[in-house]
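What follows is the residue order along each chain.
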Amino acid sequence: MNEAARDFIRQIIADDLASGRHREVVTRFPPEPNGYLHIGHAKSICLNFGVAEEFGGRCYLRLDDTNPLKEDQQFVDAIMRDVRWLGFDWGDRLTHASDYFEQFYDCALELIRNGKAYVDSLNAEQIRAYRGTLTEPGRDSPYRDRSVDENLELFQRMRAGEFADGEHVLRARIDMASGNINLRDPILYRIRRARHQRTGDDWCIYPMYDFAHTISDALEGITHSLCTLEFEDHRPLYDWILDQLDLPSRPRQIEFSRLNVAYMITSKRRLAQLIEEGRVGGWDDPRMPTIAGLRRRGYPPAALRDFCARVGVTKKEHLIEMALLENSVREQLNADAPRAMAVLDPLKVVLTNYPEGQTESLPAARHPQRPELGERELPFSRELWIERDDFMEDAPKKFHRLKPGGEVRLRNAYIIRCDEVVRNEAGEIAELRCRYDPDTRSGLPGAQRKVKGTIHWVAAAAALEAPVRLYDRLFTVPRPDADRSGRDFHEFLNPDSLRLVPDAKLEASLAAARPGEVVQFERLGYFVADSEDSKPGRPVFNRIVTLRDSWAKIEQAALQAER
RNA sequence: UGGGGUGUAGCCAAGUGGUAAGGCAGCGGGUUUUGAUCCCGCCAUUCGCAGGUUCGAAUCCUGCCACCCCAGCCA
């Protein structure tokens, strides 16, 4: 694995192994259980677990539960489910920051004894004022020089619950004049009378991220602590903590840029807001960028892993086009998804020369490139549904579907010719009267005859009617949460992110689709039987992604040319 | 005005002094009973800009410019 380092982090790790600095690789994925994991986390999961796997090391799943006000067990369960679904295994390395509360406390005592931490009794407002600004240094707190004994006593009393929330904090004694604000005596512990989901009421003081995270890394023997760019200027603090304490290992923090995908937001706060406001159905709504949402949408885990691998790992800010994600999804789905036919916007076709009452059953391959997947049977009869936009009265020459007097092939069946267009009183096209050519049934020698187009269809009498949900991007602009003019991301919600087709006409064999099963509706896209709303015999389908559509491009180009 | 980062094609991304990989997108062509898939070809004389060093610079030096992050008792 050494020579094939795919990114700068793997390069560093390979070098560390080669130089003997480390003999093994230990990483961790440390989410805070205050929301669901999203596609950005997927990148971090793939990186941390992937690196460990590739270098024969191990990776911890560590729940960073140091703030009882925000965290919840339901999120812990969801996180485990999502990591597992993505294809990763933490073995017996499931940990919680709260497992180490006692050790954190001991570390705090050690800092106090060495004069490296003190109890500050300024209130929150005062602490902010004393901190200075980006360009002006801060000032020392009047409590900064309390004696070791006084600090020890106060801190012990903090733990014992003798003070109200906010009355005191424990601070590191570093440098109030540092250009790096994280070094201006950062807060290590705060008093918070809140019931913790794992430790209950054992504690009323809780450690801050920088303190808890650094020590957790060291206790677990993490060799490479991988995190996103916004923690870059926390690294001096990370290293300072490691310098002060007597810990079993010395991890190294390395930062990489977080994943940004166009037309998506990954702020947990904003995602939670969308749910609260009822803009989406929940954390697993198929439009959500959450792992649960993508799963319900029908994205295969392998597609997500492939996507993360293609995106790469660097320190550069980026905005990945959705097309890259969709390419990974289509690539997975094309290989495995069985084919079926479904008509979403039906137009009736009557085959005038097909005997009334007659039906037949036509075999059709489940997958054109994979004969081993077998065949399914398609009922065929006199009345059919075809897609409304597969017919055009005044068709351009490039349109090779059905037109008056024209021929088209019905996929897996016969060639038909359109003789007559029947209209209703409103003047709308109500039905097409066509003739079929009996010699051209698929499999027969007559089927060799070439026609320009092939369209999909469903026999009317045998059609399964089922709801189909057509999903599209949730937002109308690539960066909904970074608008230059300061407009709120709500303004960019896509009103057409979900279009419901209440009774699409589906090929009969689709009645057997199990929840979670993926199929390709030929010429339309990939669809999944919804895992929540499908009932036996009555599936509800979600559109995962459309097929590539070069006709749509031609049409668009024509439209452009007209202008 | 302090500190920390980042600039290679439309979007990502390799490149580590020897003459710009690869993917996505796009364009052109072939195969095709999915306008899908698959296959072939094209797509950076130039690496944020300006100087300098060198036989030779995306890579080294100097200066400049642009963008991102940091002032939670959040993570």
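Further up the page is the structure itself.
What counts as what
- Residues numbered from 1 in each chain as written.
- Chains lettered and ligands numbered in written order.
- Predicted model: local features only at pLDDT ≥ 70, side-chain atom pairs only at ≥ 80, totals over all residues.
- Heavy atoms only, no water.
- Near = heavy atom within 4 Å.
- Polar contact = N/O pair within 3.5 Å; in protein donor to acceptor, adjacent residues only side chain to side chain.
- Helix = DSSP H or I, 4+ residues; strand = E, 2+ residues; numbered from the N terminus.
- Phe/Tyr/Trp six-rings, centres within 6.5 Å; stacked < 30°, edge-to-face > 60°.
- Buried < 20%, exposed > 50% of the residue type's maximum accessible area, 1.4 Å probe, protein only.
- Core = buried A, V, L, I, M, F, W, Y, C linked by side-chain atoms within 4.5 Å.
- Domains from an automatic or database assignment.
- Contact = heavy atoms within 4.5 Å.
- 1 Å grid on protein atoms, 1.4 Å probe; cavity = no way out; pocket = protein on both sides within 12 Å on 5 of 7 lines; lining within 4 Å.
- Points joined across faces, edges and corners; volume = space filled by probe spheres on them.
- Nonpolar A, V, L, I, M, F, W, Y, C, P; charged D, E, K, R; others polar.

**Concerning the protein's contact with RNA strand B**
Thought 1: Around RNA strand B sit 69 residues in total, of which Arg192, Arg339, Ser442, Gln520 and Arg548 are the nearest.
Thought 2: Within 4 Å of the protein, the contacting atoms of RNA strand B are 64% sugar and phosphate, with bases supplying the remainder.
Thought 3: Between RNA strand B and the protein, one listed contact pairs a sugar or linking oxygen with a side-chain N or O atom of Asp64 at 2.6 Å.
Thought 4: Contact distances for RNA strand B include 3.0 Å between a phosphate oxygen and a backbone N or O atom of Tyr209.
Thought 5: For the surface near RNA strand B, the element with the most residues is helix α12 (residues 322–336), which contributes four residues.

**Quick look at the packing of aromatic side chains**
Thought 1: A full pass over the atoms with the stated rule returns 22 aromatic pairs.
Thought 2: Measuring from centroid to centroid gives 5.1 Å for Tyr36 and Trp283, while their planes differ by 5°, and the two rings are stacked. With a gap of 247 residues between them, Tyr36 in the loop between β1 (26–29) and α2 (39–54) and Trp283 in the loop between α9 (268–276) and α10 (291–297) connect regions that are remote in the sequence. Like Trp283, Tyr36 is buried.
Thought 3: A centroid spacing of 5.1 Å and a plane angle of 55° characterise the contact between Phe380 and Tyr414, whose relative ring orientation is tilted. You can see Phe380 sitting in strand β14 (residues 375–381) and its partner Tyr414 sitting in the loop between β16 (407–410) and β17 (415–423), a full 34 residues away along the chain.
Thought 4: Among the aromatic side chains, those forming a connected cluster through ring pairs are Tyr100, Phe101, Phe104, Tyr105, Phe155, Tyr189, Trp203, Tyr206 and Phe211.

**Some points on the nonpolar core**
Thought 1: Ranked by internal contacts, the top residues of the largest apolar core, which has 43 residues, are Ile45, Phe49, Val83, Phe307 and Ile544.
Thought 2: Put simply, the parts of the chain that give this core at least two residues each are α2, β2 (58–63), α3 (73–86), α10, α11 (301–311), α12, β24 (525–529) and β25 (541–546).
Thought 3: Examining the composition of this core, we find that six residues originate from one element, α2, more than from any other.
Thought 4: When residues of this core are assigned to domains, at least three map to each of domain 1 (3–258) and domain 2 (268–338 + 466–562).
Thought 5: In contact with Phe307, other than residues within four places in its own chain, are Ile39, Leu259, Val261, Ile320, Leu324, Leu325 and Ser328.
Thought 6: In this structure, Leu152, Phe163, Leu183 and Trp240 belong to the second largest nonpolar core, which totals 37 residues.

**A short note on the side chain of Arg376**
Thought 1: Mapped onto the elements of the fold, Arg376 is located in strand β14.
Thought 2: Judged by relative accessible area, Arg376 falls into the buried class, the value being 4%.
Thought 3: Of the polar contacts made by the side chain of Arg376, one reaches the backbone oxygen of Ala365; its length is 2.7 Å.
Thought 4: Polar side-chain contacts of Arg376 include one of 2.7 Å to the side chain of Glu507.
Thought 5: Not counting residues within four places of it along the chain, the set of residues in contact with Arg376 comprises Arg339, Ala340, Met341, Leu362, Pro363, Ala364, Ala365, Arg366, Asn412, Glu507, Ser509 and Glu522.

**So, empty space enclosed by the protein**
To find leftover empty space, a probe the size of one water molecule is rolled over the atoms.
Thought 1: Counted under the stated rule, the structure contains two cavities of 30 Å³ or more.
Thought 2: Within this model, the largest cavity holds a volume of roughly 60 Å³.
Thought 3: What lines the largest cavity is Met341, Leu378, Pro379, Trp457, Val458, Ala459, Ala462, Ala463, Glu507 and Ala508.
Thought 4: Mapped by element, the contributors of at least two residues to the lining of the largest cavity are β14 and β20 (457–459).
Thought 5: Top element by residues in the lining of the largest cavity is β20. It accounts for three residues.
Thought 6: Here the residues of the lining of the largest cavity are counted per class, giving nine nonpolar, no polar and one charged.
Thought 7: Estimated volume of the second largest cavity: approximately 30 Å³.
Thought 8: Around the second largest cavity, the lining residues are Tyr209, Asp210, His213, Thr214, His234, Tyr238 and Gln253.
Thought 9: Here the element with the most residues in the lining of the second largest cavity is helix α7 (residues 209–220); it accounts for four residues.
Thought 10: Each residue belonging to the lining of the second largest cavity can be placed in one class, and the counts come to two nonpolar, four polar and one charged.

Everything listed here is a matter of coordinates, which is why it stays silent on function.
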